[in-house]
Amino acid sequence: INAEYGVKNIMESALQRQRNARRMGGGGVSEILQPVNGYRGQLSKAGTKPKDHAKANIAAMREAQRQNREKKAIEANQDSEVFKLKQFSDVPSQVQKQVKQADQALKAKKLARANGESGNFLKRGAREEREELKPKPKPKPMRAAAAPRKSNLPVEVLRPDAGPQREERNFCKENMSKIKNAKKSPPAGAPKPATKPADYGKVPKYLRERQEELAEEQREIQRLAEIDVDCPAGMRLLPEGERQSMLRTLEANKEKAANEIAKLPFVIDTVGLRRRKQAMENKVKEIDDAIRVFSRKKVYVEM
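Note that the structure is a prediction, hence the values are computed from the model and not measured. (Residues numbered from 1 in each chain as written. Predicted model: local features only at pLDDT ≥ 70, side-chain atom pairs only at ≥ 80, totals over all residues. Heavy atoms only, no water.)

1. A look at the overall build of the protein chain
Piece 1. The helix and strand tally for the protein chain stands at eleven helices and two strands.
Piece 2. Tracing the protein chain from N to C terminus, the helices and strands come up as α-α-α-α-α-α-α-α-α-β-α-α-β.
Piece 3. Within the protein chain, buried positions represent 6% of all 303 residues.
Piece 4. At a minimum sequence separation of 6, the contacts of the protein chain that also span at least 24 residues come to 62%. (Helix = DSSP H or I, 4+ residues; strand = E, 2+ residues; numbered from the N terminus. Buried < 20%, exposed > 50% of the residue type's maximum accessible area, 1.4 Å probe, protein only. Contact = heavy atoms within 4.5 Å.)

2. Thoughts on the confidence of the model for the protein chain
Piece 1. The predicted model of the protein chain averages 77 in pLDDT, with 71% of residues at 70 or higher.
Piece 2. Here helix α2 (residues 28-33) is the element of the protein chain with the lowest mean pLDDT, 61, and helix α4 (residues 53-77) is the one with the highest, 89. (pLDDT = per-residue confidence, 0-100.)

3. Comments concerning a nonpolar patch on the surface
Piece 1. A contiguous nonpolar patch, built from L85, F88 and V91 and spanning about 260 Å² of accessible area, is present on the exposed surface.
Piece 2. Position of V91 among the secondary structure elements: in the loop between α4 and α5 (94-114).
Piece 3. For V91, a relative accessible area of 39% translates into the label partly exposed. (Patch = residues over 30% accessible without salt bridge, like charges linked within 9 Å, V, L, I, M, F, W, Y side chains within 5 Å. Areas by Shrake-Rupley, 256 points an atom, 1.4 Å probe, with all protein chains shown as cover. Salt bridge = Lys/Arg side-chain N within 4 Å of Asp/Glu carboxyl O.)

4. Brief notes about the packing of helix α10 (residues 240-262) against helix α11 (residues 271-294)
Piece 1. For the pair α10 and α11, the least separation of the axes is 9 Å and the interaxial angle reads 160°. One element, α10, and the other, α11, form an angle in the roughly antiparallel class. Here the hand of the crossing between α10 and α11 comes out left-handed. Here R243, M246, L247, L250, E251, N253, K254, A257, E260 and I261 of α10 lie close against α11, whose contacting residues are M280, E281, V284, I287, D288, A290, I291 and F294.
Piece 2. In terms of residue class, the contact of α10 with α11 is made up of eleven nonpolar, one polar and six charged. (Axes fitted to C-alpha atoms, helices over the stretch in contact; angles between N-to-C directions. Parallel < 35°, antiparallel > 145°, perpendicular 65-115°, else oblique. Left-handed = near helix turned anticlockwise from the far one by under 90°. Nonpolar A, V, L, I, M, F, W, Y, C, P; charged D, E, K, R; others polar.)

5. Some details on the pattern of salt bridges
Piece 1. By the definition in use, this model includes eight salt bridges.
Piece 2. Its salt-bridge partner being R66, residue E63 comes within 2.3 Å of it at the nearest N-O pair. You can see E63 and its partner R66 sitting in helix α4, three residues apart, about one turn around the helix.
Piece 3. By relative accessible area, R66 is classed as partly exposed at 32%.
Piece 4. One salt bridge in this structure joins R66 and E70, with 2.5 Å as the shortest N-O distance. You can see R66 and its partner E70 sitting in helix α4, four residues apart, about one turn around the helix.

6. Side note on the side chain of R243
Piece 1. Looking at where R243 falls in the secondary structure, it is placed in helix α10.
Piece 2. Of the polar contacts made by the side chain of R243, one reaches the side chain of E240; its length is 2.5 Å. (Polar contact = N/O pair within 3.5 Å; in protein donor to acceptor, adjacent residues only side chain to side chain.)

7. Focus on the nonpolar core
Piece 1. Core analysis: the biggest nonpolar cluster contains seven residues, these being L238, L247, L250, I287, I291, F294 and V299.
Piece 2. Of all the secondary structure elements, the ones that give two or more residues to this core are α10 and α11.
Piece 3. Broken down by element, this core gets its largest block of residues, three residues, from α11.
Piece 4. With residues up to four places along the chain from it excluded, the contact list for F294 reads L238, R243, M246, L247, L250 and V299. (Core = buried A, V, L, I, M, F, W, Y, C linked by side-chain atoms within 4.5 Å.)

8. Re the environment of E251
Piece 1. Mapped onto the fold, E251 is located in helix α10.
Piece 2. Spatially, the C-alpha atoms of E251 and D288 are 8.8 Å apart, while their sequence positions differ by 37 residues.

Listed below in structure tokens is the structure:
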């Protein structure tokens, strides 16, 4: 009894678990544990395979390409219309005519054979053979050629001397060139164009003289402007280009002297090094004084 009761409890618990699983399969717990990915996921869960649109589009494009290739091949194989001149548009082709006659003769021969006729036709070259078998006519004797009659016209008329050959000319081209080069005559009643004087376009003499006077005045003003009233006697003003060049040279010498001082040892304990350092420092001082002088706007030097 206890064994039967235990088996019964086990079966009931198993059935209860199955019912609970079915109940939970359609509820919210199942959706949380097994989420559905959109409409395609619902189709897959329902056992329906969703349509592969990308694959279908590729197949449709390939089918359209195949149809286009077939269409182009058919258009290429079609016979294009044969060009004919307008006056020969209604004239049938002789080649087609001969082919058509040969086809008609072949059909007639086949039809005669089908109707029980002999179908014996002339062989090729039979007419030429019959012509060869016929007796040839005898040639007629040739008559002696009659002497030509003497003409009453003089020899100069019968055999005129060949005159000098004329040079071939293209009269159309010559006429066109004459028309292009011909001067157009003014229409009747049109006013005559005004004639230009001999000195047209030239500068008048009084203007040339006035221009020379102005140029001379400008040169005098420039000469007076260049005279420096501050310049001492026996000196001259150094041009700006030379002043800038001298400044650049002094700056380079100063940098070179500073580099030489920097190369000296930190501790100077000998008389030679001290004299050398002092000489370099004096040189730098002189260069600074020269730079100060040449940095002025006006620099006077001896003439």
